[in-house]
Amino acid sequence: MTYATLLLSEITSQDSVGGKAQGLAALLVAGFPVPEGFVLSPEATPEEIIAAYRRLGTPRVAVRSSAAEEDSSRLSYAGQFETFLNISDEEALLRAVEACRASALTTRGATYREYPDPAASRMCVIVQRMLEPEYAGVAFADANGETVVEGVAGLGDRLVSGRAGPSVLPEDLRSAVERVARAAVERLGGALDIEWAVEQGCIWLLQARPITAPLQAALPDRFRLWTAANFQEAIPRPLTPISEEVTRYNIHEVFRISFHFAGLPEPDGPIERLVKGRFYMSYSAVASSMSVLPGFQMENLLRMFGDGPELAPFVAYRQGRRRPFLVKLPATVPRYVGWILFAKRRIREVRESVRAFDENVRSAIACGANDADLLGILQATPVSMRPAATAMSISSTMANGLLNAMMHLASKHMPEVPSAEVASMARAGEMESLEPSRQLAAFADWLRENPGRPDDDPEVEARLGRFLEACGSRCENEAELAKPRWREQPHDVLRLARQLASTSPGPSRPPAAHMPRRAFLHRVLSLYARPARIWQQRRETTRALLAGTAESFRHLLLEIGRRLRTRNILDAPEDIFFLLRDEIASLLETPISPALRGTIATRVGRRRELRRRMLDWPPPPRLLAELPDGRLVPFAPDPGSGGILRGFGASPGRVTARARVLLDIGQAKDLQPGEVLVARTTDIGWTLLFRLASAVITEIGAPTSHAAIVARELGLPAVVNVDRATE
């Protein structure tokens, strides 16, 4: 940086002023009204700050952060820093700037800290003239013409911070803001999250944050490809901050362990990325690591995650060095052998570690453990989750490798056989992911045979209790720690059981796979199928164990939240989910001043409102192409034609029935027996609906996704990765 202060109108693309300041400068260049102001470098002295303020005319001002990654499409919780409004004198301005800079050290979350670039911690500060708006609010607009406008009377920080809900705006104002938002998209490109304010009839823009970058140039012949498959099946929606932090840690651990176990090198770039708060996986990064395997083909990797081989020519990746992999092979083979020989014992050890963690949490809560003890459990949680994450990583590596080998052999020697038929050979029969469905079916059978029993009947309560004992730690969207588990919402389980009891019981056994009987090849596939079944069972078992640690962690967080609520630090125990682990630890470790209480409340409110807005945003496409400058654009290699929708066959069969689109699990009551269940994605929480459906279609999935596995076990036809299925 070579400047101390710059007017917003002086900023160029070469200036390192942070994301928010660059966004404001871009709005000015595009011709939009932006309140007058300047940006301060981290090195700006008090004298330089005051001089710039006097040049502005010493009006009342707003002081806001502008960090390197803030307001970028790369991070979900960009608003992690402090904002100060209505600053009206020089001394107050200096205090506000100092506090804003200090927030880079005190409130930055793990999402930011994982990026090692030192520039990310050198935060600039924006000082702008304070508006006196009649109305202010937010607008979301994308390149498809979709626009959402929300606002309130007066300052918009009440809406952005979550202290107030949106008000009914005058229709002419709403229309005017929509026009400005669409114009911003046309001039700046991409989907934008805009903050606006109206002062004396003029619509001012206070922020324009990119959500998904536009396609402003033709795609290169090959590019880095990102997919929603794998991640968004388990993490379908934007998460609360603590859930996002834990999930990112688990994702990195799972891939790190998998690569190490297989003796593979580190990938050449990030494995995951957040877009509109949703996780995406990089095919290119995974391929750069797996490419050292003898016989690696991009087509096989794509097939593993439910995409066709026709995508292979588009995917750019760096070929890994095979020699180091081969040199490490003598150390790698014993790891495989050890897990093959001792997997049962190791999974028993994982089960014991999960039980011990749960007992530790419950005991600490029951005996009223002090803050230091709770803090110790909180800080040790990643270590407590590691055994389950390790076992799941290795089980997934084995199961995916075996199933992928089966599909590769069949595609090479029997290309006429659908992948779904091949995958059905590995049908396991006894799967942890089927346990909720089995338990619920048994409960429904009893209700069907004993009609008229009320909810408070002792036998009904006992059978419901048995379901909750076996499956109570699970729920829909279980990566979200703020989500109550089935154990906490028994009435929802009972309602689904009664809904299932009102239908005729389905077939008890799924149909056998119809594979052509080519004797030799069939024997080879059968040799793969048996261990594939075993490792699929182990993967689902260890996934359930990892979910058990998440339930225990949820109990721990709520206990801490209750204590902080009692001390008037949080407004509600559930606010804890909008803080990060280090922030929670600091609240337990240090005395809290009244000023910091207000800061925490504002921070929680902003994050809550940001998540609410992200949940309202339409999800990005399943596949995204990365341009050379790092921007992401939708990629649809084969969108289909006419009324034809295409996807990946995950479970064999044919069905003709009415399709029922469910946009979320809350619409479960709308599904009628025998209908085709159509959803963006499904996870363990949707398993209870599969026994009502005659087939399953999802926009996101893979051969080893939840929808595919459960559908195969129940004998339901299933097609996954069907773009636009829910539209």
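Residues numbered from 1 in each chain as written. Predicted model: local features only at pLDDT ≥ 70, side-chain atom pairs only at ≥ 80, totals over all residues. Heavy atoms only, no water.

### Remarks on the overall build of the chain
Step number 1: Broken down by element type, the chain carries 21 helices and 19 strands.
Step number 2: A separation of at least 24 residues holds for 72% of the contacts in the chain among residues at least 6 apart in sequence.
Step number 3: A total of about 30,500 Å² of accessible surface is found on the chain, and carbon and sulfur atoms cover 54% of it. (Helix = DSSP H or I, 4+ residues; strand = E, 2+ residues; numbered from the N terminus. Contact = heavy atoms within 4.5 Å. Areas by Shrake-Rupley, 256 points an atom, 1.4 Å probe, with all protein chains shown as cover.)

### Examining the pattern of salt bridges
Step number 1: Counting across every chain of the model gives 43 salt bridges.
Step number 2: Of the charged contacts in the structure, one is a salt bridge between Asp193 and Arg209, with a shortest N-O distance of 3.5 Å. Pair noted here: Asp193 is in strand β8 (residues 191-199) and Arg209 is in strand β9 (residues 202-212), with a separation of 16 residues, a long-range link.
Step number 3: Between Arg608 and Asp575 there is a salt bridge, with the nearest N and O atoms lying 2.3 Å from each other. Highlighted residues: Arg608 in helix α19 (residues 594-616) and Asp575 in the loop between α17 (519-566) and α18 (581-589), separated in sequence by 33 residues.
Step number 4: You can call Asp575 buried: its relative accessible area is 8%.
Step number 5: The network of salt bridges with shared partners includes Asp371, Glu559, Arg562, Arg563 and Arg567. (Salt bridge = Lys/Arg side-chain N within 4 Å of Asp/Glu carboxyl O. Buried < 20%, exposed > 50% of the residue type's maximum accessible area, 1.4 Å probe, protein only.)

### A short note on the sheet that holds strand β2 (residues 37-40)
As a general point, the strands of a sheet are linked pairwise by backbone hydrogen bonds and lie either parallel or antiparallel.
Step number 1: Read across the open sheet, the five strands follow the order β1-β2-β5-β3-β4; overall the sheet is antiparallel. Edge strands, defined here as strands with exactly one partner in the open sheet, are β1 (5-7) and β4 (84-87). With strand direction ignored, the average angle separating the axes of adjacent strands in the sheet is 25°.
Step number 2: In the sheet, β2 pairs with strand β5 (residues 124-129) via four bridges, with the strands oriented antiparallel. Each bridged residue has a counterpart across the sheet, and for Val39 the counterpart in β5 is Ile126.
Step number 3: Across the sheet, helix α1 (residues 19-29) lies against β2, β3 (61-66) and β5, angled at about 115° from β3, the strand it touches most.
Step number 4: Sheet strands touched by helix α2 (residues 46-56): β1, β2, β3, β4 and β5. Its angle to β2, the strand with the most contacts, is close to 170°. (Pairing = 2+ DSSP bridges. Axes fitted to C-alpha atoms, helices over the stretch in contact; angles between N-to-C directions.)

### Details of helix α6 (residues 171-188)
Step number 1: Between the first and last C-alpha of α6 there are 26 Å, a value that for 18 residues agrees with the 26 Å anticipated at 1.5 Å per step.
Step number 2: Regarding α6, the residues found buried are Leu173, Ala176, Val177, Val180, Ala181, Ala183, Ala184 and Val185.
Step number 3: Remark: Gly189 follows α6 within two positions and exhibits a positive phi of approximately 85°. (Expected span 1.5 Å × (residues − 1).)

### Observations concerning the environment of Phe140
Step number 1: Within the element layout of this structure, Phe140 appears in strand β6 (residues 135-141).
Step number 2: In sequence terms Phe140 and Asp193 are 53 residues apart; their C-alpha atoms lie 4.8 Å from each other.

### Re a nonpolar patch on the surface
Step number 1: A cluster of nonpolar side chains, Leu326, Leu329, Val333, Val337, Ile340, Leu341 and Phe342, forms an exposed patch at the surface whose accessible area comes to about 590 Å².
Step number 2: Relative to the assigned elements, Val337 resides in helix α11 (residues 322-366). (Patch = residues over 30% accessible without salt bridge, like charges linked within 9 Å, V, L, I, M, F, W, Y side chains within 5 Å.)

### Notes on the sheet that holds strand β10 (residues 224-227)
Step number 1: Taken in spatial order, the five strands make up an open sheet running β11-β12-β10-β13-β14, and their pairing is antiparallel. Looking at strand neighbours, the two that pair on one side only are β11 (272-275) and β14 (632-634), the edges of this open sheet. Put simply, the sheet's adjacent strands are angled 35° from each other on average, direction ignored.
Step number 2: Note that β11 and strand β12 (residues 278-282) share four bridges and pair antiparallel. Residue pairing across strands places Glu272 opposite Met281, the latter belonging to β12.

### Notes on the packing of aromatic side chains
Step number 1: As enumerated under the stated definition, the model contains 10 aromatic pairs in all.
Step number 2: Between the aromatic rings of Phe255 and Phe259, the centroid separation amounts to 5.9 Å while the plane-to-plane angle is 50°, which identifies the pairing as tilted. With Phe255 and Phe259 both in helix α8 (residues 241-262) and four residues apart, this pair spans about one turn of that helix. Here Phe255 matches Phe259 in class, with each residue buried.
Step number 3: On the numbers, 5.9 Å between centres and 85° between planes, the contact of Phe296 with Tyr317 is edge-to-face. (Phe/Tyr/Trp six-rings, centres within 6.5 Å; stacked < 30°, edge-to-face > 60°.)

### Examining the packing of helix α14 (residues 435-449) against helix α15 (residues 458-471)
Step number 1: Where α14 meets α15, the closest approach of the two axes is 9 Å, and the angle between their N-to-C directions is 175°. The angle between α14 and α15 places the two elements in the roughly antiparallel class. Of α15, the residues touching α14 (which contributes Glu435, Pro436, Gln439, Leu440, Phe443, Trp446 and Leu447) are Glu459, Val460, Arg463, Leu464, Arg466, Phe467, Ala470 and Cys471.
Step number 2: Each residue belonging to the contact of α14 with α15 can be placed in one class, and the counts come to 10 nonpolar, one polar and four charged. (Parallel < 35°, antiparallel > 145°, perpendicular 65-115°, else oblique. Nonpolar A, V, L, I, M, F, W, Y, C, P; charged D, E, K, R; others polar.)

### With respect to the pairing of strand β18 (residues 695-698)
Step number 1: Sheet analysis places strand β17 (residues 676-679) next to β18, joined by four bridges and oriented parallel. The residue of β18 that forms the bridge with Leu677 is Val696.
Step number 2: Note: β18 against strand β19 (residues 718-720), two bridges, orientation parallel. Note on β19: the bridge partner recorded for Ile697 is Val719.
Step number 3: With helix α21 (residues 706-714) bridging β18 and its parallel neighbour β19, the resulting β-α-β unit is right-handed. (Right-handed = clockwise from strand over helix to strand, strands pointing away.)

### Examining α2
Think of an α-helix as 3.6 residues a turn; residues three or four steps apart then line up on the same face.
Step number 1: Buried residues of α2: Ile49, Ile50, Ala52 and Tyr53, and no others. Down the axis, α2 shows its buried residues gathered within 160° of arc, on one side only. Away from its buried face, by an angle of more than 90 degrees, α2 presents the exposed residues Glu47, Arg54 and Arg55.
Step number 2: Immediately beyond the C-terminal end of α2, within one or two residues, lies Gly57, with a positive phi of roughly 100°. (Arc of directions from axis to C-beta.)

### So, the confidence of the model for the chain
Step number 1: Across the chain, the average pLDDT comes to 85, with 90% of residues at or above 70.
Step number 2: When the criterion is pLDDT under 50, residues 106-120 qualifies, and its contacts beyond four places in sequence or with other chains add up to 36 contacts.
Step number 3: pLDDT under 50 marks residues 212-217. Its contacts with residues more than four places away, or in other chains, come to 20 contacts. (pLDDT = per-residue confidence, 0-100.)

### Re the pairing of β17
Step number 1: Every second residue of β17 is oriented toward a common face, with Val676 and Val678 on one face and Leu677 and Ala679 on the other, all of them buried.
Step number 2: The pairing of strand β16 (residues 659-661) with β17 spans three bridges and is parallel. In the strand pairing of β17, Ala659 is matched with Val676.

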